[in-house]
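# Overview (structure and organization)
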Amino acid sequence: MKLQRNNRLRAIAAGALALSGALVLTACGSDDNSGSSGGNGTKAAGDIKCEGKGQLLASGSSAQKNAMDLWVKNYGGACKDVKINYKATGSGAGIQEWLQGKTAFAGSDSALKPEEVASSKKMCKGGQGINLPMVGGPIAVGFNVPGVDKLTLDAKTLALIFDSKIKKWNDEAIKKLNKGVSLPDLKIQAFHRSDDSGTTDNFTKYLKAAAPSAWPHEPGKAWAGSGGQAADGSSGVSSQVKQVSGAISYFELSYATASSIKTVDLDTGASAPVQATVDNASKAIAEAKIKGTGKDLALDLAYDTKAEGAYPITLVTYEIACDKGNKSDTLAATKSFLTYVASEDGQASLKDLGYAPLPTEIATKVRESVASLS
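Residues numbered from 1 in each chain as written. Predicted model: local features only at pLDDT ≥ 70, side-chain atom pairs only at ≥ 80, totals over all residues. Heavy atoms only, no water.

### A few points about the overall build of the chain
Along its length, the chain carries 13 helices and 15 strands. Within the chain, buried positions represent 54% of all 374 residues. Looking at the chain alone, contacts between residues at least 24 apart form 76% of all its contacts between residues at least 6 apart. A total accessible area of about 15,200 Å² is found for the chain, and carbon and sulfur atoms account for 50% of it. (Helix = DSSP H or I, 4+ residues; strand = E, 2+ residues; numbered from the N terminus. Buried < 20%, exposed > 50% of the residue type's maximum accessible area, 1.4 Å probe, protein only. Contact = heavy atoms within 4.5 Å. Areas by Shrake-Rupley, 256 points an atom, 1.4 Å probe, with all protein chains shown as cover.)

### A look at the pattern of salt bridges
Scanning the model with the defined rule gives 11 salt bridges in all. Ionic pairing is found between Glu116 and Lys221, a salt bridge with its closest N-O pair at 4.0 Å. Residue Glu116 is found in helix H4 (residues 114-123), and its partner Lys221 is found in the loop between helix H7 (198-210) and strand S9 (229-231); the two are separated by 105 residues along the sequence. Each member of the pair Glu116 and Lys221 is classed as buried. Asp185 serves as the salt-bridge partner of Lys168, at 2.9 Å between the closest nitrogen and oxygen. Remark: Asp185 occurs in the loop between helix H6 (172-177) and strand S8 (189-193) and Lys168 occurs in the loop between helix H5 (155-162) and H6; sequence separation between them is 17 residues. For Lys168, a relative accessible area of 35% translates into the label partly exposed. (Salt bridge = Lys/Arg side-chain N within 4 Å of Asp/Glu carboxyl O.)

### Quick notes on the nonpolar core
Counting 105 residues, the largest nonpolar core has Trp71, Leu158, Phe162, Ile248 and Phe337 as the members making the most contacts within it. Ranked by residue count, the leading element in this core is strand S6 (residues 129-144), at eight residues. (Core = buried A, V, L, I, M, F, W, Y, C linked by side-chain atoms within 4.5 Å.)

### Quick notes on the packing of aromatic side chains
In total, this model carries nine aromatic pairs according to the counting rule given. When the ring of Tyr75 is compared with that of Phe337, the centres are 5.3 Å apart and the planes differ by 80 degrees; the resulting orientation is edge-to-face. Taken together, the residues Tyr75 in helix H2 (residues 65-78) and Phe337 in helix H11 (residues 328-341) connect sequence positions 262 residues apart. Of the residues examined, Phe337 reaches a relative accessible area of 0% and is grouped as buried. Between Phe162 and Tyr250 the ring centres are 6.0 Å apart and the planes differ by 65 degrees, which places this aromatic pair in the edge-to-face class. On the criterion of sequence distance, the pair formed by Phe162 in helix H5 and Tyr250 in strand S10 (residues 247-252) is long-range, its members being 88 residues apart. Taking relative accessible area as the criterion, Phe162 reaches 2% and is therefore assigned buried. (Phe/Tyr/Trp six-rings, centres within 6.5 Å; stacked < 30°, edge-to-face > 60°.)

### Examining the state of the cysteines
Counted by the stated rule, this structure contains two disulfides. Disulfide pairing places Cys50 opposite Cys79 at an S-S distance of 1.9 Å. When the S-S torsion is -80 degrees, as for the bridge of Cys50 with Cys79, the disulfide is left-handed. With Cys50 in strand S2 (residues 48-50) and Cys79 in the loop between H2 and strand S4 (82-87), this pair connects stretches of sequence that are 29 residues apart. The same class applies to Cys50 as to Cys79, namely buried. Here Cys124 connects covalently by a disulfide to Cys322, the sulfurs 2.0 Å from one another. (Disulfide = S-S within 2.5 Å.)

### Some remarks on the packing of helix H3 (residues 91-99) against H4
Following both chains from N to C, one finds H3 and H4 inclined at 30 degrees, their axes separated by 9 Å at the closest point. Comparing the axis directions of H3 and H4 gives the class roughly parallel. For the pair formed by H3 and H4, the contact residues are Ile95, Trp98 and Leu99 on the first element and Glu116, Ser119, Ser120 and Met123 on the second. Among the residues forming the contact of H3 with H4, the class breakdown is four nonpolar, two polar and one charged. (Axes fitted to C-alpha atoms, helices over the stretch in contact; angles between N-to-C directions. Parallel < 35°, antiparallel > 145°, perpendicular 65-115°, else oblique. Nonpolar A, V, L, I, M, F, W, Y, C, P; charged D, E, K, R; others polar.)

### Focus: the environment of Val117
With respect to the helices and strands, the residue Val117 is situated in helix H4. When its relative accessible area of 18% is taken as the criterion, Val117 is described as buried. Placed 14 residues apart in sequence, Val117 and Asn131 show a C-alpha to C-alpha distance of 9.9 Å.

### Brief notes about unusual backbone geometry
Although it is not a glycine, Ser164 adopts a positive phi angle of roughly 65 degrees. Turning to its location among the elements, Ser164 is positioned in the loop between H5 and H6. In this model, Ser260 sits at a positive phi of 55 degrees, which is unusual for a non-glycine residue. For Ser260, the location among the structural elements is in the loop between helix H9 (253-258) and strand S11 (262-263). Judged by its relative accessible area of 59%, Ser260 falls in the exposed class.

### Points about the pairing of S8
Among the five residues of S8, five are classified as buried, and the element is accordingly described as predominantly covered. Judged from the two bridges that link them, S8 and S10 form a sheet pairing that is parallel. Residue pairing in the sheet places Ala190 in a bridge with Ile248 of S10. Note that S8 and S9 share three bridges and pair parallel. Of the residues in S9, the one forming a bridge with His192 is Ala230. A crossover connection joins S8 to the parallel S9 through H7; in handedness this β-α-β unit is right-handed. (Pairing = 2+ DSSP bridges. Right-handed = clockwise from strand over helix to strand, strands pointing away.)

What follows is the structure, given as structure tokens:
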């Protein structure tokens, strides 16, 4: 088991080299490196094999929006016969739209629940929904405290802040973790997601795993903490942190770096506080185990890790599709697009966005699952 975990660590570390910064890209680019138009046929452009035609609708995770924008831009530049429309509605809404048959696939920052798998069998004729991990990365805790450029918090303090038990930035619990830092007598403005969100699910799983006595609520996509203020999507909560003095919230790292929002270092019990970086998140994700069976590749993340340099507030975004029973008019395009997303080129394209590419062993399994979709 130790050897396997070390192998996973090496694979993820290799996949995450040279990751830095953040870049928000839009889906309106038009790099034309496609071959001749193929209609329903097949054509190849670099690492992209174009199949199908028409419109491909998908929705869900806002945490992966920056990655999805880039993938859609690159794929659309090569495959002119397919128009992909991905809406960052939040993981919960994305899964519901997919279960209702409105979209070809959904993006979710947490794996399908048993009841959602059961519901999927009604829509996936002869099959069921499966989880296909596509991108990983840290959930940053961004803050806006005038005069404070560096801030360290631990799981217990974060839990008490987001449950409205700690209300001022100069609270003794925060001062104890930030010796020598001048903390203002300023009200804490804690923001959480108003929509059902996989990011919320992962963030609260961390609070529950690392500070169970301070976070009495069950983890989930819907916010369960006391008080606070709500905003829609990762873009909504990150915008509030950018604009509101005293604000704090949680969102995917690229939103923090794109808006120059300062992020919390975590006191995990390791020898030094851990920064929210892709490499540090990769060290935590390295401990993940595949808990799905068959073609399902759901992962069990280590939210309470104390490993040196491991940043434990992580998420893995899944694309959710039917293993069997996908809609015939969108199946070819879905498989073509998801094959590109899981390809070496698709994963390598994330390195400047602040996301962690899939480790090689998992990416290979994802491509095998995608190829088997029917």
